[in-house]
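Secondary and tertiary structure notes
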There are 2 protein chains.
Amino acid sequence: MGRPSSPKLTRERIVTTALRLIDARGEEAFSIAQIARALGVKSASLYNHISSKYEIVEGIRELVAGSIDASLFASKPWYEAMEQWAFSYRAAFARHPNTIKLLSVIPVSSRDTLRMYDAVFQGMLRDGWPKTHILPAVTAVESFVLGSAIDLVAPPQMIAAEQLVGDSPIFLEIVQSGYVEGSARAERAFRVGLAALISGLRDYLASLTPENGAPG
Amino acid sequence: MGRPSSPKLTRERIVTTALRLIDARGEEAFSIAQIARALGVKSASLYNHISSKYEIVEGIRELVAGSIDASLFASKPWYEAMEQWAFSYRAAFARHPNTIKLLSVIPVSSRDTLRMYDAVFQGMLRDGWPKTHILPAVTAVESFVLGSAIDLVAPPQMIAAEQLVGDSPIFLEIVQSGYVEGSARAERAFRVGLAALISGLRDYLASLTPENGAPG
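What comes next is a walk through the structure.

Reading the values: rules and limits
Residues numbered from 1 in each chain as written. Chains lettered and ligands numbered in written order. Predicted model: local features only at pLDDT ≥ 70, side-chain atom pairs only at ≥ 80, totals over all residues. Heavy atoms only, no water. Helix = DSSP H or I, 4+ residues; strand = E, 2+ residues; numbered from the N terminus. Buried < 20%, exposed > 50% of the residue type's maximum accessible area, 1.4 Å probe, protein only. Contact = heavy atoms within 4.5 Å. Areas by Shrake-Rupley, 256 points an atom, 1.4 Å probe, with all protein chains shown as cover. Axes fitted to C-alpha atoms, helices over the stretch in contact; angles between N-to-C directions. Parallel < 35°, antiparallel > 145°, perpendicular 65-115°, else oblique. Nonpolar A, V, L, I, M, F, W, Y, C, P; charged D, E, K, R; others polar. Phe/Tyr/Trp six-rings, centres within 6.5 Å; stacked < 30°, edge-to-face > 60°. Least-squares fit on C-alpha atoms with pLDDT ≥ 70 in both. Buried area = accessible area lost by both parts, 1.4 Å probe. Salt bridge = Lys/Arg side-chain N within 4 Å of Asp/Glu carboxyl O. Polar contact = N/O pair within 3.5 Å; in protein donor to acceptor, adjacent residues only side chain to side chain.

**As for the overall build of chain A**
Regarding its fold elements, chain A presents 10 helices and zero strands. Walking chain A from its N terminus toward its C terminus, one meets helices and strands in the order α-α-α-α-α-α-α-α-α-α. Residues classed as buried in chain A amount to 51% of the 216 residues present. Long-range contacts, defined here as pairs at least 24 residues apart, represent 70% of the contacts in chain A between residues at least 6 apart. Accessible surface, chain A as shown: approximately 9,600 Å² in total, 55% of it carbon and sulfur.

**Regarding the packing of helix H8 (residues 131–152) of chain A against helix H10 (residues 184–207) of chain B**
Between H8 of chain A and H10 of chain B, the shortest axis-to-axis distance is 8 Å and the interhelical angle comes to 75 degrees. On the basis of the axis angle, H8 of chain A is roughly perpendicular to H10 of chain B. Note on element contacts: H10 of chain B touches H8 of chain A through Arg185, Arg188, Ala189, Val192 and Gly193 of chain B, opposite Thr132, His133, Pro136, Thr139 and Ala140 of chain A. Looking at side-chain class alone, the contact of H8 of chain A with H10 of chain B contains four nonpolar, four polar and two charged residues.

**What about the packing of aromatic side chains?**
Residues and elements named next belong to chain A. Taken as a whole, this structure holds 20 aromatic pairs over all chains when the rule is applied. Centre to centre, the rings of phenylalanine 144 and phenylalanine 190 are 5.5 Å apart; their planes meet at 5 degrees, and the pair counts as stacked. Highlighted residues: phenylalanine 144 in helix H8 and phenylalanine 190 in helix H10 (residues 184–207), separated in sequence by 46 residues. Assessed through its relative accessible area of 0%, phenylalanine 144 is described here as buried. An aromatic cluster of at least three residues, connected via ring pairs, comprises Phe73, Trp85, Tyr89 and Phe93.

**Things to note about the relation of the copies chain B and chain A**
Each copy of the sequence occupies a distinct position, and chain B is placed on chain A by a rotation of 180 degrees and an axial shift of 0.0 Å, giving an RMSD of 0.0 Å. These values place the two chain copies in the arrangement generated by a two-fold rotation axis. The share of interface residues of chain B whose copies in chain A are also at the interface is 100%, consistent with both copies meeting through the same surface.

**Considering the environment of phenylalanine 144 of chain B**
Sequence separation between phenylalanine 144 of chain B and arginine 90 of chain B is 54 residues, and the spatial gap between their C-alpha atoms is 9.2 Å. Beyond its immediate stretch of four places on either side in the chain, phenylalanine 144 of chain B contacts Ala140, Ser143 and Phe144 of chain A together with Ala189, Phe190, Gly193, Leu194 and Leu197 of chain B.

**Brief notes about the interface of chain B and chain A**
Taken together, the contacts link 67 residues of chain B with 67 residues of chain A. Taking both partners together, chain B and chain A bury about 5,700 Å²; carbon and sulfur atoms supply 68% of that area. Looking only at chain B, the three residues that lose the most surface to chain A are Lys131, Phe171 and Ile174 of chain B, adding up to 10% of its buried area. Connecting chain B to chain A are two salt bridges. Residues lysine 131 of chain B and glutamate 173 of chain A are paired through a salt bridge, measuring 3.2 Å at the closest nitrogen-oxygen approach. Our count for the chain B to chain A interface comes out at six residue pairs in polar contact (both at pLDDT 80 or more). At 14 residues, helix H8 (residues 131–152) of chain B tops the list of elements feeding residues into the side of chain B that touches chain A.

Listed below in structure tokens is the structure:
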């Protein structure tokens, strides 16, 4: 037997290695040098498979965001589709919370992600959203979802135990009455907030109907 | 003249150095060893001024969250106070976006931060929020605010320019019509979302009035 052959270097291996590093050590672990080191190859070798660091980011985006489900926008009212979309969106990023900032600040070019947005936009347009109002509404839901994904990975109890003796008995009671077991705290806040946000957006849309002078 | 005296090591210098490192290099730069190196001292010296890494986190929380303004909860209806609170909260974290995840997942013990929550809770309680519903509502607003703070540091254009040729003319039109100059894109999404979220929470509160069987 000769020495064990190392697995062939591919774009996929580079991207999954980068995601694994970010999951384990945070966004700062994202560098060509660190990915090459983890794969046991020279940095230059990576460039036989990818054209830039940016291409790796888009590969990571495909892996993380690939499970986001916008399919209901084709068949259901936008507010029902958006609820399902938001749940799957939060779940996708809660599995990889260290990617949230990275993917939020690098422009999207992944074809899959653009197709997902296309499905969302088309559904909203069909249901009467004026074109110029769609992007702010979608961005607002995304901001809520990403903040909630971070909250989902926070500890169940966000006030340090030693502070729970408190000089304010009401403060103490509110903090304790609002806490529920494990991730149910974050779950409840997400459900309450998502329902409120979508219901508020429905009212906002109603206020924009053409008879109120909304632009098309 | 002798050698220049180095500034005295204090808790404040340790905390501001830690925040500067996180701002510049991300959450992963947060380690006792790196803070000591930046200050040109041995790690052990830090422990003459702080008891644990956790105390530094709470010092950072005071610096970042110190400008969040919950004062209106004492005098205005909760929904007006919450709007001002959310704006100052987003501004505070938009100045230090690399701290968002760190501060979201480490339990709060900073006295100033607890006093801020106390002001929020007391205002909501006075305006009829049942105790057990306050924490989920506040958490939902915080998730939206923190996601929006990340969006505020994203580039104005979040779809890569080379993708804007698009196979879907409607997609293209929506992306372009929704974009406005500079940070105004994020600003508009934040205003639309915050108004919708607070309006949805007002309706939610109304549905919880005692005559509807809400717990106190």
